[in-house]
Amino acid sequence: MSTPSPTSPALGSPGAQGPASDEDEAPQPTAPAPESRGPWAPLRPLVLRLHFYAGVFVAPFLLVAAVTGFLYAGAFQAEKLVYAHEMTVPVGDTRLPVSAQVGAARKAHPEGTVSAVRPSPEDDATTRVMLSGVKGVDATHTLAVFVDPYTGQVRGALEQYGSTGALPLRTWIDEFHRDLHLGENGRLYSEFAASWLWVIAGGGLVLWFSRRRALRRVRGTSGRRRTLGLHGTIGAWAAVGFLFLSATGLTWSTYAGANIDELRTSLGQSTPSVSAAASGGDHAGHASASGSGGDAEHGVGLDKILAAARAEGLGDPVEIVPPAEASSVYVVKQVQRSWPEKQDAVAVDPATGEVTDVLRFADHPLLAKLTRWGIDLHTGVLFGLVNQIALMLLALGLILLIVLGYLMWWRRGRGSSFGRPVPRGAWAKVPPYVLVPLMAAVAVVGYFVPLLGIPLAGFIVVDVVLGEIAHRRRAA
């Protein structure tokens, strides 16, 4: 029952072995659940209440994330169709030198400066020359000029974003998924959804597998119990995917992501970068940041720089980053995010064409590798089309679970009390030796994942206040 949508209180109420009837659908909060036995049984009502409330209030954010995530997963293939003219060319006989291709791009687009060059990685692919500081282009984006590597013809220019080279269509969907086009403040929505998805999914799993097998079945049931069975079955199958999406989504979120980066740094597991110090150490301090080297031709030139990188085993696809200034070095790095990943990098002295540093992806710390793989799997590039289809199916599953969850919430009220929540007081039945460590763990996780901890504290405060109000009304 790994669902990021609201679940039903029937999970904590008794259920018959046969098909559901009207009586089965009525809430029975006072009857003990037949499956609630064992040392961890008191936790079940607490998990149920958290799953219920979190599902009700977080589901709208998850629904937006699921819909936009579905669109993003499909954007890779759509991009290839929409921008086929710019991205592909007829295969020719002889490729022009990279320097000549960059020259053709600069002749057509003399504005801005060359920040990077991605030589054609395949026989039918264009070369991309990225320009920064172009008027009308977002400061965090570049203008990608597409050049035919055989003829030097410029086939177009499009705004590009990110390390995967997202073009306008995918960039728009990516930003919609990430921040709803609301900037940094909008990123809080996606972090909020990612912060709660693993809690709701994990809680759903606990509820599903702690429920007797006879009560999980879908076949032969109807009404609310059938909805519950579908909700739980789909959620249980999709649980691992939801937990993965939540964990990887948090790695580059605003607040939790910063805490994760800090933790990785303290453990010596941050992602390394190639040293940009040239021969003799005269160029130290210039790492692999984007350069602003005009036409990108410095010293021995692009072709010898690329040849030096090839000699170190850097195969396509690669990106050449020009020196940030006259005293800096070139950085050539592999940019293949599909499996097997190619992420090696070298620094090349522009004056001599000699390689001054080599960084192999195989030498990255374990957490750095896991972060890289996790992000690439989350964004659908690690395993290509299969990866993207799997993400789309997960998104559809999440949408269906949310719909089923709200349907159960509606049916639970039976028209007289819309979506009545699970009864209060579940925490009081949890033994102190379980409750105290649990609360301590929740506090620690809430500190490192603030968009989980702060809303959870708010839920508890509101729930306590409402409970006190109800108690006083009954006593009056």
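Residues numbered from 1 in each chain as written. Predicted model: local features only at pLDDT ≥ 70, side-chain atom pairs only at ≥ 80, totals over all residues. Heavy atoms only, no water.

## Some remarks on helix α4 (residues 98–108)
Point 1. Within α4 the residues assigned to the buried category are Val98, Gln101, Val102, Ala104, Ala105 and Arg106.
Point 2. In this fold, the buried residues of α4 make contact with β1 (113–118), β2 (127–132), β3 (142–147), β4 (154–160) and α10 (302–311). (Buried < 20%, exposed > 50% of the residue type's maximum accessible area, 1.4 Å probe, protein only. Helix = DSSP H or I, 4+ residues; strand = E, 2+ residues; numbered from the N terminus. Contact = heavy atoms within 4.5 Å.)

## Considerations on the packing of α4 against α10
Point 1. Between α4 and α10, whose axes approach to 7 Å, the crossing angle comes to 135 degrees. One element, α4, and the other, α10, form an angle in the oblique class. Contacts from Val98, Ser99 and Val102 in α4 reach Leu302, Asp303 and Leu306 in α10.
Point 2. Counted by class, the contact of α4 with α10 contains 4 nonpolar, 1 polar and 1 charged residues. (Axes fitted to C-alpha atoms, helices over the stretch in contact; angles between N-to-C directions. Parallel < 35°, antiparallel > 145°, perpendicular 65-115°, else oblique. Nonpolar A, V, L, I, M, F, W, Y, C, P; charged D, E, K, R; others polar.)

## Section: a nonpolar patch on the surface
Point 1. A cluster of nonpolar side chains, contributed by Leu263, Leu267, Leu366, Leu367 and Leu370, occupies part of the molecular surface with about 460 Å² of accessible area.
Point 2. No other element matches helix α11 (residues 366–378), which puts 3 residues into the nonpolar patch.
Point 3. Tracing the sequence through the fold places Leu370 in helix α11.
Point 4. Classification of Leu370 as partly exposed rests on a relative accessible area of 44%. (Patch = residues over 30% accessible without salt bridge, like charges linked within 9 Å, V, L, I, M, F, W, Y side chains within 5 Å. Areas by Shrake-Rupley, 256 points an atom, 1.4 Å probe, with all protein chains shown as cover. Salt bridge = Lys/Arg side-chain N within 4 Å of Asp/Glu carboxyl O.)

## Section: the confidence of the model for the protein
Point 1. This prediction gives the protein a mean pLDDT of 85; 83% of its residues lie at or above 70.
Point 2. Counting interchain partners and residues more than four positions distant, the pLDDT-below-50 stretch residues 1–36 has 126 contacts.
Point 3. Per-residue pLDDT stays below 50 along residues 281–293; that stretch engages in 36 contacts with residues further than four places along the chain or on separate chains. (pLDDT = per-residue confidence, 0-100.)

## A short note on the nonpolar core
Point 1. Formed by 30 residues in total, the largest nonpolar core has its most connected members in Val58, Leu62, Trp196, Ile200 and Phe242.
Point 2. Counting only elements with at least two residues in this core, the list comes to α2 (43–82), α6 (187–209), α8 (223–251), α12 (384–413) and α14 (450–475).
Point 3. Considering every element that reaches this core, the biggest residue donor is α6, with 9 residues.
Point 4. Counting residues in hydrophobic clusters, the runner-up holds 26 residues, among them Val102, Val114, Leu302 and Tyr330. (Core = buried A, V, L, I, M, F, W, Y, C linked by side-chain atoms within 4.5 Å.)

## Side note on unusual backbone geometry
Leaving glycine aside, a negative phi is the common case for residues, and trans is the common case for peptide bonds.
Point 1. Here Asp316 and Pro317 are connected by a cis peptide whose omega angle stands at -5 degrees.
Point 2. Examined against the element boundaries, Pro317 turns out to sit in the loop between α10 and β5 (318–321).
Point 3. Each neighbour pair has its own omega, and for Trp339 with Pro340 the value is -5 degrees, a cis peptide bond.
Point 4. In this structure, Pro340 sits in the loop between β6 (330–334) and β7 (345–348).
Point 5. The phi angle at Leu180 is positive, at roughly 55 degrees, despite the residue not being glycine.
Point 6. Non-glycine residue His181 carries a positive phi angle of around 60 degrees.
Point 7. Here His181 lies in the loop between α5 (168–179) and α6.
Point 8. Given a relative accessible area of 35%, His181 falls into the partly exposed group.

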